[in-house]
Amino acid sequence: MTCLFCGYRMGNFFHAYQEQTLEQQKQRLDNLYRKQGEQTRRINTLEVELEVERLANQKSQRLLKEMEAQHYQVKKELAFYEKVMAPEKQADGLVIDNVVISATTSPNHYRFQVILVQQKVKKRYAKGHVELNFVGSLDNKPHTINVNKLAELTKKQLSFNFQYFQIIQGEFTFPENFKPEKLTLAAIMPKSRWQSYQRVDESYPWQTVLENIPQTPPVILD
């Protein structure tokens, strides 16, 4: 009887001990789940903050690039108008200020734009024409093509008659197997009663004048 009583008491003791242990483990597990939840929320918060910071940094970089581009454009425009309005700071005579070739959506089809500036202190009207030649290879052989053979351009379209500056522009299409390497450009003022003969020759590597994205030429009034 005594053994049975002792066994009963021992069983109750171990049962109570097991319940206590289980309760402790449950509380510990609940604490771990709670800490895990807190850590997960903290990680999510940090990820959101990091993403916000990344987006803010991207916006700052974009704004900085836009400001740099605007600053460059303003400097470029100031330099251009200085050539026109303060020619005493520049070389005297006719100048090829800029040349741009813009690719279009049509294969091998391009637009060109040539800006001429007269840098004389006492300006008369400069009259003449431009010649554009494309140097490269056709069917893997050296070849030079005049723009007149690539487009239906009239003599008037390649002529200039201005006092301060003028934009000459047009379109052309390369033969399918032609690979351009260089553009040669000449601005020619023939001798007349009102002007002396002048010829300005420039040469440009193809990649330096090529713009891949078609752009609308700016409207500039003489």
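Notes on the structure follow. Values in this document were obtained by computation on a predicted structure and should not be read as measured data.

Procedures and definitions
Residues numbered from 1 in each chain as written. Predicted model: local features only at pLDDT ≥ 70, side-chain atom pairs only at ≥ 80, totals over all residues. Heavy atoms only, no water. Helix = DSSP H or I, 4+ residues; strand = E, 2+ residues; numbered from the N terminus. Buried < 20%, exposed > 50% of the residue type's maximum accessible area, 1.4 Å probe, protein only. Contact = heavy atoms within 4.5 Å. Areas by Shrake-Rupley, 256 points an atom, 1.4 Å probe, with all protein chains shown as cover. Pairing = 2+ DSSP bridges.

1. Examining the overall build of the protein
At step 1: Scanning the protein from N- to C-terminus turns up 2 helices and 9 strands.
At step 2: Along the protein, helices (α) and strands (β) appear in the sequence α-β-β-β-β-β-β-β-β-α-β when read from the amino end.
At step 3: In the protein, buried positions account for 28% of the 222 residues.
At step 4: Here the analysis covers contacts within the protein between residues at least 6 apart in sequence; of these, 67% occur between residues at least 24 apart.
At step 5: Put simply, the protein shows about 16,500 Å² of open surface, and 54% of that area lies on carbon and sulfur atoms.

2. A short note on the pairing of strand β5 (residues 159-162)
At step 1: Here β5 shows a clear split, with F160 and F162 buried on one side and none of S159 and N161 buried on the other.
At step 2: With 4 bridges connecting them, strand β3 (residues 126-138) and β5 associate as antiparallel partners. Paired with G128 across the bridge in β5 is F160.

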